[in-house]
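Per-entry structural report
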Amino acid sequence: MLGIYFALLLMVFFGVEKFVNQALENASSSAPVTMPSFSLYAFPYVWQNLAFLAGFLKIFLALIVLFFITNEFTNKTVRQNVMNGMSRNQFILSKLLFILLLSFFSTIILFLSGITLGMLNTEEVTSVLILQKAEFIPAYFLELLTFSSMAMLIGFLVKRSGLAIGALALYYYILEYIIAFSLPESAAKYLPVEAMGNLIDIPNSALMKMVGVDFRENVSIPDAITCLVYCCIFIGLIFLLYKRKDL
Amino acid sequence: MSTPVLEINHLSKSYGKLKALDDLSLTINKGEVFGILGPNGSGKTTTLSILLDILKADTGEYLWFGKKPDSHARRRIGALLEQPIFYPYLSAVKNLQIVADIRGASYDEIDEALRTIGLIERKNSKYKTYSLGMKQRLALAASLIGKPEVLILDEPTNGLDPRSIAEIRNLIIDIANKGLTVLLASHLLDEVQKTCSHVVILNKGKSLHSGRVDDVLNSSSKLELKSDNMDALSNAIKQFDFIGDSKLEKDLLVLSLTKEVEAAEVNKILSEQGIYLSHIALKKRSLESYFLELLSEKNV
């Protein structure tokens, strides 16, 4: 399952440019103005482009986290492990370590793909150019970690895989939109899914500049802090809950 | 006196409206084989789960080895609760390695343990391919890893064939002879009577009786008497101080005894008084009859 996820990640990274250019070509053939063909992979834009794309795949990562945690509850191995002398906190920490490693390796894949693709597709490579927008790498890590810890909390709360996936999907795709709708915009951007999404904004392309939309090209510190706070809240809640809860 | 292995003080636990455990107090000393006896749903597994930190009690506390319980105390306790639990997609060896890792035990113990329970040939098979008997035996092996001082067994012979049951009982007796303290929950009275030195009888989460198994059996013996002259016999027995209560069952006079007596002694005294018995029998009550009596007394 992990293998499939990482393969998917690589496929998307390496295949997306061809796909986008193909689509643009098709579109420009019927459009009055010719669209410039451009590379998604040139430094320094490659970081934001890839990180943004990879963001769509984080739901798969969350599924892996959910399965990994609910498995312990459906097999009752969490009981056996605690019985054998693991403390409850050690058990939670072991799962925390798992999501940290998972997020970390995903980030490593992003980094290696970005370096490879950037090197191949940038005319004049300088270290300044490479590092210019490299802040998207840690931002991607934070996005994954926040989402994984949210999945982890749901896994610990719901305990059964089917229900947990349902609960996560319900919140991710529906509930948060409803909540966001009833809140003023200034408050809604602090909701977890919203904050994760804002962390890495939609990359500006030449096309978008043409129509006059301008998205953020850097990582905003308040968004990063919001995500970090959510990580702490989600993980903290698990520890707090399992002080008293029956296993 | 040394610190008790386990001290339970006023433990209670409810699931919603249902009181699963009601003010239970117990003390278990080193080397005892302590049976927890009760019908299904009497709170046996709930008690053991609380002692292993799987469930949290509503009120009350318990001390392992005289200290507030923590994960280190649990590493000195081997446990087999309800059913064997392992990662189904891992082999026996891998599963036992996890146990050894948690308990800080050496991997060398694993092969030894697998040999003892006769699973060494299948040690690399996945757990999910095991039969119920093999799973149960593997769980017993797992509970012995890390050389625990206390063994907690919840229905250890559940679902086993008669030969495996006998094997496991012998293993429990062997373990107890090595000085380990054993806590055995069961609804099989015969099992408790055969293996335990002490017993607590639970019903609906309440302790109905607790003490030595021998005491239970002796204090609850009965004496059956029959004579041609039943009236004289009824009068004559009033002189004895060891009789709790007497009643006529068909043509037998059944006396419950408050202390141990010898049948020959009773016969001798009565015959000296000219009462000749046509039947005398000393019946040691089994744990089973005592158990059923206790349950019926409490109107359940």
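Cut-off values and rules
Residues numbered from 1 in each chain as written. Chains lettered and ligands numbered in written order. Predicted model: local features only at pLDDT ≥ 70, side-chain atom pairs only at ≥ 80, totals over all residues. Heavy atoms only, no water. Helix = DSSP H or I, 4+ residues; strand = E, 2+ residues; numbered from the N terminus. Buried < 20%, exposed > 50% of the residue type's maximum accessible area, 1.4 Å probe, protein only. Contact = heavy atoms within 4.5 Å. Areas by Shrake-Rupley, 256 points an atom, 1.4 Å probe, with all protein chains shown as cover. Lys, Arg positive; Asp, Glu negative; His and termini not counted. Charge placed at Lys NZ, Arg CZ, Asp CG, Glu CD. Core = buried A, V, L, I, M, F, W, Y, C linked by side-chain atoms within 4.5 Å. Buried area = accessible area lost by both parts, 1.4 Å probe. Salt bridge = Lys/Arg side-chain N within 4 Å of Asp/Glu carboxyl O. Patch = residues over 30% accessible without salt bridge, like charges linked within 9 Å, V, L, I, M, F, W, Y side chains within 5 Å. 1 Å grid on protein atoms, 1.4 Å probe; cavity = no way out; pocket = protein on both sides within 12 Å on 5 of 7 lines; lining within 4 Å. Points joined across faces, edges and corners; volume = space filled by probe spheres on them. Nonpolar A, V, L, I, M, F, W, Y, C, P; charged D, E, K, R; others polar. Expected span 1.5 Å × (residues − 1). Pairing = 2+ DSSP bridges. Axes fitted to C-alpha atoms, helices over the stretch in contact; angles between N-to-C directions. pLDDT = per-residue confidence, 0-100. Phe/Tyr/Trp six-rings, centres within 6.5 Å; stacked < 30°, edge-to-face > 60°. Lys NZ or Arg CZ within 6 Å of the ring centre and 35° of its normal.

1. Considering the overall build of chain B
- Summing up its helical and strand segments, chain B has eleven helices and 13 strands in all.
- Dimensions of chain B along its principal axes, counting C-alpha atoms only, are 75 × 45 × 40 Å.
- Expressed as a percentage of its 300 residues, the buried residues of chain B come to 50%.
- The contacts of chain B with a sequence gap of at least 6 include a subset with a gap of at least 24, amounting to 66%.
- A total accessible area of about 14500 Å² is found for chain B, and carbon and sulfur atoms account for 49% of it.
- Considering chain B, the positive charge centre built from 39 side chains and the negative charge centre built from 39 side chains are found 7 Å apart.

2. Quick look at the nonpolar core
- Counting residues in hydrophobic clusters, the biggest one holds 102 residues, and the most contacted among them are Met152(A) and Trp64(B).
- With residues up to four places along the chain from it excluded, the contact list for Met152(A) reads Val65(A), Ile69(A), Ile92(A), Lys95(A), Leu96(A), Ile99(A), Ile235(A) and Ile238(A).

3. Some words on the interface of chain A and chain B
- Opposite the 21 residues of chain A that make contact, chain B presents 24 residues.
- Summed over both partners, the interface of chain A with chain B comes to about 2000 Å²; 50% of that surface belongs to carbon and sulfur atoms.
- Sorting the residues of chain A by area buried against chain B places Met83(A), Asn84(A) and Asp246(A) first, and these three jointly supply 31% of that buried surface.
- Taken together, chain A and chain B are joined by two salt bridges.
- Between Asp53(B) and Arg88(A) there is a salt bridge; the shortest N-O distance is 3.3 Å.
- Elements that contribute at least two residues to the side of chain A that touches chain B include exactly α3 (58-74), α4 (77-83), α5 (88-121) and α12 (221-244) of chain A.
- Among the elements that line the side of chain A that touches chain B, the one with the most residues is α4(A), at six residues.

4. Some remarks on a nonpolar patch on the surface
- A surface patch of nonpolar side chains, amounting to about 630 Å² of accessible area, comprises Leu97(A), Leu101(A), Phe104(A), Phe105(A), Ile108(A), Phe111(A) and Leu112(A).
- Of note, Leu101(A) is situated in helix α5.

5. Observations regarding empty space enclosed by the protein
- Under the criterion given, the structure shown has four cavities of 30 Å³ or more.
- If you add up the space inside the largest cavity, you get close to 70 Å³.
- Elements supplying a minimum of two residues to the lining of the largest cavity: α4 of chain A together with α3 (92-103) of chain B.
- Looking at the lining of the largest cavity residue by residue, the classes come out as five nonpolar, five polar and no charged.

6. Section: α12(A)
Residues and elements named next belong to chain A.
- Spanning 24 residues, α12 covers 36 Å between terminal C-alpha atoms, matching the ideal 34 Å at 1.5 Å per step.
- Those residues of α12 lying buried are Asp 223, Ala 224, Thr 226, Cys 227, Tyr 230, Cys 231, Phe 234, Ile 235, Ile 238 and Tyr 242.
- In this fold, the buried residues of α12 make contact with α3, α5, α7 (136-158) and α10 (192-199).

7. Focus on the sheet that holds strand β2 (residues 18-28) of chain B
Residue and element names in this part refer to chain B.
- In spatial order, the strands read β2-β1-β4; together these three strands make up an open sheet with antiparallel pairing. In this open sheet, the two edge strands, each paired with only one partner strand, are β2 and β4 (59-64). Between one strand axis and the next, the sheet turns by 20 degrees as a mean value, whatever way the strands run.
- Running at roughly 120 degrees to strand β1 (residues 6-15), helix α1 (residues 44-51) makes contact with β1, β2 and β4 of the sheet.

8. Quick word on the pattern of salt bridges
- Counted according to the given criterion, the structure contains 16 salt bridges over all chains.
- Notably, a salt bridge pairs Lys95(A) with Glu72(A), separated by 2.9 Å at the nearest N-O pair. Of this pair, Lys95(A) sits in helix α5 while Glu72(A) sits in helix α3, and the two are 23 residues apart along the sequence. Just as Lys95(A) is buried, Glu72(A) falls in that class too.
- The residue Lys44(B) makes a salt bridge to Glu155(B) at a minimum N-O spacing of 4.0 Å. Highlighted residues: Lys44(B) in helix α1 and Glu155(B) in the loop between β6 (150-154) and α6 (162-177), separated in sequence by 111 residues. Assigned by exposure class, Lys44(B) and Glu155(B) land together as buried.
- Salt bridges here are not isolated pairs; linked through shared partners, they connect Arg88(A), Asp53(B), Lys56(B) and Arg74(B).

9. Quick notes on the side chain of Glu155(B)
- The exposure class assigned to Glu155(B) is buried, which follows from its relative accessible area of 10%.
- Not counting chain neighbours up to four residues away, the residues in contact with Glu155(B) comprise Lys44(B), Gln136(B), Ala185(B), Ser186(B) and His187(B).

10. Quick look at the sheet that holds strand β10 (residues 222-227) of chain B
Residues and elements named next belong to chain B.
- If you trace the four strands from one edge of the open sheet to the other, you get β11-β12-β10-β13, paired in antiparallel fashion. Strands at the two margins of the open sheet, each flanked by one partner only, are β11 (243-249) and β13 (277-283). On average, each strand axis in the sheet is inclined to that of its neighbour by 20 degrees, with strand direction left out of account.
- Here helix α10 (residues 263-272) sits on the sheet in contact with β10 and β13, set at roughly 150 degrees to β13.

11. Re the confidence of the model for chain B
Residues and elements named next belong to chain B.
- Here chain B averages 85 in pLDDT, while 97% of its residues score no lower than 70.
- Confidence scores differ between elements of chain B, with helix α8 (residues 213-219) showing the lowest mean pLDDT of 72 and α3 the highest of 94.
- Under the prediction, the complex receives an ipTM of 0.78, its pTM being 0.82.

12. Some points on the environment of Tyr177(A)
Residue and element names in this part refer to chain A.
- Tracing the backbone shows Tyr 177 in helix α8 (residues 161-182).
- Given the relative accessible area of 55%, Tyr 177 is considered exposed.
- Along the primary structure Tyr 177 and Phe 239 are separated by 62 residues, whereas in three dimensions their C-alpha atoms are 28 Å apart.

13. Description of the packing of aromatic side chains
- Within this structure, the stated rule accounts for 17 aromatic pairs over all chains.
- Ring centres of Phe156(A) and Tyr242(A) lie 5.3 Å apart, and the angle between their planes is 75 degrees; this geometry places the pair in the edge-to-face category. Here the residue Phe156(A) occupies a position in helix α7, and Tyr242(A) occupies one in helix α12, the gap between them amounting to 86 residues. Residues Phe156(A) and Tyr242(A) agree in their burial class; the two are buried.
- For the cation-ring pair, Lys135(B) lies above Tyr127(B), with the distance from its terminal atom to the ring centre recorded as 5.3 Å.

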